[in-house]
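# Examination of the molecular architecture
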Amino acid sequence: MLERKFRLNKKQEYKKVFAKGFRYVSRLVVVYIVKGRSVEQSQIGFIASKKVGNAVKRNRAKRLMREVVRQKKTVFKGPCLMVCIARSAITRASFDDVEKSLCYMWKKGGIL
RNA sequence: GAAGUCAGUCAGAUGAUCGCGGGGACAAGUUCUGCAAAGACGUUUCUGAGGAAAGUCCGAGCUCCACAGGGCAGGGUGCCGGGUAACGCCCGGUAGGGGUGACCCUAAGGAAAGUGCAACAGAGAUAUACCGCCGUGGGAUUUCAAGAAUUGACUUCUUGGAUUCUGCGGUAAGGGUGGAAAGGCGAGGUAAGAGCUCACCGGCGGCUAGGUAACUGGUCGGCCCUGCAAACCCCACCUGGAGCAAGACCAAAUAGGGGAACGAUGGAGUGGCCCGCUCCGUUCCCGGGUUAGGUCGCAUGAGGCUGGCGGUAACGUCAGUCCUAGAGAGAUGAUCAUCGCUUCGCAAAGUUGAGGAAUCAACUGCAUUGGGGUAUCUGCGUUGGGGUAUGACCCACGUUGGGGCGCCCCUUGCGUUGAGAUACCGACUGCGAGGAACAGAACUCGGCUUAUAGACUGGCUUCGCUU
RNA sequence: GGCGGCAUAGCCAAGUGGUAAGGCAGAGGUCUGCAAAACCUUUAUCCCCCAGUUCGAAUCUGGGUGCCGCCU
């Protein structure tokens, strides 16, 4: 679990990321990233919709994504706003799969 | 051993590193907010999902509306008795049904209170009469019978019979339909029939015995009795509405103001309606303002565990003991190690087995197919003997005739014993690769229902084998 | 988290115990020189799924599945 101040909490903040961010897609996860001077501190949100599965599967998807972010966030080049959305294939994926997928997209996005 | 049935338990374990939610303690230090108390950062310690947490199908607690009142409507439950805070739940019993059985299933009140529905088919669907059967009246027919008249005969008339048409009456045994046709079946009875009468069976009612009761047994009575109430309905009992996004407090705000309209026979609270109760101005326009705010509710409860006592049981009661999640975009995860469970593969090896094919030998225990022999029965005989008047008959012999059983031998199969302990199979050991379900607390309990890999325990039933 | 509703042919849908109307679309045909329009014929039997009540269920009852809406 991330500390509260590193999380996105409000609906307007999510809307802002969806409106301004760049989108990167993989088989397991979709990521929206906002960089720039206006961002003072990294804030990250996680979404798993009902399409992913029941409550157990949704919680597991969010935990996996959160764990990857926790381990890697010290290596980030700069602060950013980010939303990670789980896709249904993530229910059968392992931690390594999710880590590879996210790192690939972060390199594309230029924050790693 | 296999198959089944009922009841119950568990829901991988231990450890390491990095992390998350909640509670407590600490004060050396640093920074921030603050007058301060204190909070954040920090250190340390304790603790952190389920049997269904799920579906939200019932019942309660709790909160607000009058600590919920009267009536109507609506809804629910429905064999009997008990348990419970309560229930549509549970326990025990009754009746009906299923199963060889252990056992399981059943929304199981009332259809002689009323209304309604029962398509199609069928004569007829809650009462009927189409065909049929019987009686009777009438008509027609006649290679029928009898009698009479006339008589040579034909013929005519009467009566009866037969066939056929039709009117009236009786009947509900039989027909074929249907899910269902007004007790079933047999005998008597009758013109034909019919519970019309009788026996048995079934249903109903009365009396009676047992049982708290559902009901069961006995006895008597007469035969009016279609199904559907998960159709309306009747009877008995229960039921006010909303839900923790309830609700309470704090901060802020709904302000203050202007205009218009309506009005105490009014309006609102009250979410089906009426009464009752409580509150009191209400509505519209102008103008002003705005956030998923914080704290509580919120974790000691109809609580769990162990034991005693009462009860067939559900359950109750007494004593001891334990405190065991509390989030708010929502905490349990990631990476490994060892062990355990389980599936598959490999084996160059080893251990083991109330496992074990083929094979060999013995035993003759059982069975069986075929063959042979023997004895016996029976048939036959240009045979021999006995017997008698002749015969019948008896004995012996012969027979490539027939028959079954007995005995012996061979063959075949099973069995027993021993050898062989090899192929194969199972278990263990070793190595490698996998697998581990359903599913995440959201105010809290009691149930029900649904989902669920696998492992284990006990009772009982049926079948097979061994002793 | 709580509360409520819906499901019938490819689409829109009627049906409230007796064997599933109608329209659009599709297919075939008639008409036409060819089309359009019009007319005729045709497509459900697993009425979302599983049980039960009933002689009989799309309809009534219970359980499940999927979809949609509301709360402040």
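Everything below is about the structure printed above this text.
Residues numbered from 1 in each chain as written. Chains lettered and ligands numbered in written order. Predicted model: local features only at pLDDT ≥ 70, side-chain atom pairs only at ≥ 80, totals over all residues. Heavy atoms only, no water.

Grouped together as the largest cluster of nonpolar side chains are 27 residues, with contacts concentrated most on V29, V98, L102 and W106. At the level of secondary structure, the elements contributing two or more residues to this core comprise β2 (29–34), β3 (43–47), α2 (55–72), β4 (81–86) and α3 (95–109). Sorting elements by how many residues they give to this core places α2 first, with 5 residues. Counting 7 residues, the second largest nonpolar core, distinct from the first, contains V17, V30, V34 and L81. (Core = buried A, V, L, I, M, F, W, Y, C linked by side-chain atoms within 4.5 Å. Buried < 20%, exposed > 50% of the residue type's maximum accessible area, 1.4 Å probe, protein only. Helix = DSSP H or I, 4+ residues; strand = E, 2+ residues; numbered from the N terminus.)

Another point: the pairing of strand β1 (residues 22–25). Both β1 and β2 contribute to a ladder of 4 bridges, which runs antiparallel. Residue pairing for β2: F22 is matched across the bridge by I33. (Pairing = 2+ DSSP bridges.)

Here we take up the pairing of β4. Burial runs high along β4: 5 of the 6 residues are buried. Relative to β4, β2 is paired through 6 bridges, and the arrangement is antiparallel. For I33, the partnering residue across the bridge sits in β4 and is M82. Judged from the 5 bridges that link them, β3 and β4 form a sheet pairing that is parallel. Its bridge partner lying in β4, G45 is registered against V83. At this point the chain moves from β3, through α2, to the parallel β4, and the crossover so formed is left-handed. (Right-handed = clockwise from strand over helix to strand, strands pointing away.)

Look at α2 against α3: their axes get within 10 Å of each other, and the N-to-C directions meet at 60°. With respect to α3, the axis of α2 lies oblique. In this structure, α2 crosses over α3, and the sense of that crossing is right-handed. Where α2 abuts α3, its residues L64, M65, E67, V68, V69, Q71 and K72 lie against F95, V98, E99, L102, C103 and W106. (Axes fitted to C-alpha atoms, helices over the stretch in contact; angles between N-to-C directions. Parallel < 35°, antiparallel > 145°, perpendicular 65-115°, else oblique. Left-handed = near helix turned anticlockwise from the far one by under 90°. Contact = heavy atoms within 4.5 Å.)

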